[in-house]
Amino acid sequence: QVQLVESGGGLVQPGGSLRLSCKASGITFSLNAMGWYRQAPGKERELVAIIYSGFSTNYADSVKGRFTISRDNAVNTVYLQMNSLKAEDTAVYYCNTRGWGREFWGQGTQVTVSS
């Protein structure tokens, strides 16, 4: 059974930082691409960042230079370091992976950027 458990969300002021974590189980973590998505109220879910098994990464244009995705295969965890946060980064952030022809999602963690 695949499980993705996110943590690290919260309320932060504009310009602040947060680090999200997603611990995975039920997959061969080191072989899987891992992604972070987000969904703001009234908007579609969008890809924020992805890290592949070979550690290459891709980012949405809106977060380039501010967010960093990383992974620690020893503890089956993917991270999203978010710096210089803006109000428009407010959303529920979801961890994602794929396997056996399916997509798997975590429960989501709320990030609110507000003064």
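Placed above this text is the structure.
Residues numbered from 1 in each chain as written. Predicted model: local features only at pLDDT ≥ 70, side-chain atom pairs only at ≥ 80, totals over all residues. Heavy atoms only, no water.

Peer 1: Explain the overall build of the protein chain to me, please; I cannot follow it from the model alone.
Peer 2: If you tally the helices and strands in the protein chain, you get zero helices and eleven strands. In summary, the protein chain has a C-alpha radius of gyration of 13 Å against a globular reference of 13 Å for 115 residues, a match within 12%. Restricting the contact set of the protein chain to residue pairs at least 6 apart, pairs at least 24 apart contribute 52%. As displayed, the protein chain offers around 6100 Å² of accessible surface, 47% of which is attributable to carbon and sulfur atoms. Each charge class in the protein chain was averaged separately, 11 positive and 8 negative side chains, and the resulting centres sit 4 Å apart. (Helix = DSSP H or I, 4+ residues; strand = E, 2+ residues; numbered from the N terminus. Rg over C-alpha atoms; globule rule 2.2 N^0.38 Å. Contact = heavy atoms within 4.5 Å. Areas by Shrake-Rupley, 256 points an atom, 1.4 Å probe, with all protein chains shown as cover. Lys, Arg positive; Asp, Glu negative; His and termini not counted. Charge placed at Lys NZ, Arg CZ, Asp CG, Glu CD.)

Peer 1: Looking at this structure, how should I read the packing of aromatic side chains?
Peer 2: For any pair of aromatic rings, the description consists of the separation of the ring centres together with the inter-plane angle of the planes. Enumeration according to the criterion identifies three aromatic pairs in this entry. Geometrically, the ring pair formed by Y37 and W105 is edge-to-face, given 5.0 Å between the ring centres and 70° between the ring planes. One end of the pair, Y37, is in strand β4 (residues 34-39); the other, W105, is in strand β10 (residues 102-105), with 68 residues separating them in the sequence. For Y37, a relative accessible area of 13% corresponds to the buried category. Considering the side-chain rings of W100 and F104, the 6.1 Å spacing of their centres and the 85° angle between planes classify their relative orientation as edge-to-face. Owing to a relative accessible area of 66%, W100 belongs among the exposed residues under this scheme. Over the ring of Y94 we find R45, and its NZ or CZ is 3.8 Å from the ring centre. (Phe/Tyr/Trp six-rings, centres within 6.5 Å; stacked < 30°, edge-to-face > 60°. Buried < 20%, exposed > 50% of the residue type's maximum accessible area, 1.4 Å probe, protein only. Lys NZ or Arg CZ within 6 Å of the ring centre and 35° of its normal.)

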